Amino acid sequence: YQDIKLQAERIEYDFSNYTVHAEGVQDTAGVWIGQPVFEQAESKFDAFAMDYNFKTKKAYVKQVQTDVIDGTLTGSQVKTTDDNSVIWVRKGEYCPCEDPNAKTRFRIGKLKVIKDKQIVTGPGYLSLGKVPMPLAFPFGFFPNSEKKQAGLIMPSYGNGFDLGYFLTDLGFYMPVNDMVD
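Conventions we followed
Along each chain, the written sequence defines residue order, and numbers are assigned to residues from 1. Where totals are concerned, whole chains, interfaces and linings use all residues; where local detail is concerned, this predicted model gives features only for residues with pLDDT of at least 70, and gives and counts side-chain atom pairs only at 80 or more. Hydrogens are left out, water is left out, and the side-chain values use all remaining heavy atoms of the structure. Whenever Lys or Arg places a side-chain nitrogen within 4 Å of a carboxyl oxygen from Asp or Glu, that contact is recorded as a salt bridge. In DSSP terms, a helix is any run of H or I states spanning at least four residues, a strand is any run of E spanning at least two, and both are numbered starting from the N terminus. Between buried and exposed lies partly exposed: a residue is buried under 20% and exposed over 50% of the maximum accessible area for its type, with that area taken using a 1.4 Å probe on protein chains only. Without a salt bridge and with relative accessible area above 30%, a residue can belong to a patch; like charges are then joined within 9 Å and nonpolar side chains (Val, Leu, Ile, Met, Phe, Trp, Tyr) within 5 Å. Areas reported as accessible are Shrake-Rupley estimates using a 1.4 Å probe. Residue values count occlusion only from the protein chains shown. Asp and Glu are treated as the negative residues and Lys and Arg as the positive ones, with His and the ends of the chain left uncounted. One atom stands in for each charge, and that atom is NZ of Lys, CZ of Arg, CG of Asp or CD of Glu. The rule is short: rings of Phe, Tyr and Trp, with Trp giving its six-membered ring, pair when the centres are within 6.5 Å, and they are stacked under 30 degrees, edge-to-face over 60, tilted in between. In this analysis, strands are considered paired if DSSP registers two or more bridges between them.

1. Points about the pattern of salt bridges
Two side chains of opposite charge can pair, provided their charged atoms sit close to one another.
Moving on, step 1. Using the criterion set out here, one finds 3 salt bridges in the structure.
Moving on, step 2. When the shortest N-O distance is used, the salt bridge between Arg105 and Glu93 registers 3.5 Å. In this pair, Arg105 sits in strand 12 (residues 104-114) while Glu93 sits in strand 11 (residues 86-95), placing the two residues 12 residues apart along the sequence.
Moving on, step 3. Residue Arg105 is classed as buried on the basis of its relative accessible area, which comes to 11%.
Moving on, step 4. Through salt bridges with shared partners, a single ionic network connects Glu93, Arg105 and Arg107.

Following this line, the structure appears as structure tokens:
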């Protein structure tokens, strides 16, 4: 429909309310197949189940997973605005690497993703596997843009024979122009 593409094993359309409900099904072995994949323009996400209203262009999604800058964002409940420019996520997890099955995650109660601008979060904490770490934060503001931006370069940590535990690569990045980086 227009620039929207929805794929799922089971899709039900309600003509009177202009809504669509999409979900996967379980096969005989109990494995979920055909779960919804929603695409609109450059936005794409996988979900467990979703409801979408074509009139208001709002969606309510359960168990969503999508790629954001340098990582994967998942959430148990997600609501979107009419043009997918703002997404609200409840019980979210951010995995800071390309592998969605990685064990390092930031668990966050509430998130607001503003497309091509920033991600605003409520309180959250770092967890390794299912073990919560003592690294917690009351809120967060993170860039969400592919464009070059000036800003703080976050350090990485390590453990070496000479230095012990250490932080490295802390810095500030300032792009000069499109030709010089």
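So, next bit.
2. Considerations on a negative patch on the surface
Moving on, step 1. Residues Asp46, Asp67, Asp70 and Glu98 make up a contiguous surface patch of negative charge.
Moving on, step 2. Position of Asp67 among the secondary structure elements: in strand 9 (residues 58-68).
Moving on, step 3. Under the relative-accessibility criterion, Asp67 is labelled exposed at 62%.

3. Section: the packing of aromatic side chains
Moving on, step 1. Under the counting rule described, the total for this entry stands at 7 aromatic pairs.
Moving on, step 2. Here the aromatic rings of Tyr13 and Phe54 are separated by 5.7 Å at their centres, their planes lie at 55°, and the arrangement is tilted. Note that Tyr13 is positioned in strand 2 (residues 10-14) and Phe54 in the loop between strand 8 (49-53) and strand 9, a separation of 41 residues in sequence.
Moving on, step 3. Using a relative accessible area of 35% as the deciding quantity, one classes Tyr13 as partly exposed.
Moving on, step 4. Pairing Trp32 with Phe48 gives two aromatic rings, centres 4.9 Å apart and planes at 65°, and the pair type is edge-to-face.

4. Quick word on a positive patch on the surface
Moving on, step 1. Residues Lys79, Arg90, Lys91 and Lys110 make up a contiguous surface patch of positive charge.
Moving on, step 2. Position of Lys79 among the secondary structure elements: in strand 10 (residues 71-80).

5. Quick notes on the pairing of strand 6 (residues 37-40)
Moving on, step 1. Here strand 1 (residues 4-7) runs beside strand 6; their pairing, made up of 4 bridges, is antiparallel. Bridging from a neighbouring strand, Gln7 pairs with Val37 of strand 6.
Moving on, step 2. When strand 6 meets strand 7 (residues 43-46), the two strands line up antiparallel, connected through 4 bridges. When the bridges of strand 7 are listed, Phe38 appears paired with Phe45.
Moving on, step 3. Counting the residues between successive antiparallel strands, the hairpin from strand 6 to strand 7 contains 2 residues, one of them, Ala41, with a positive phi of roughly 55°.

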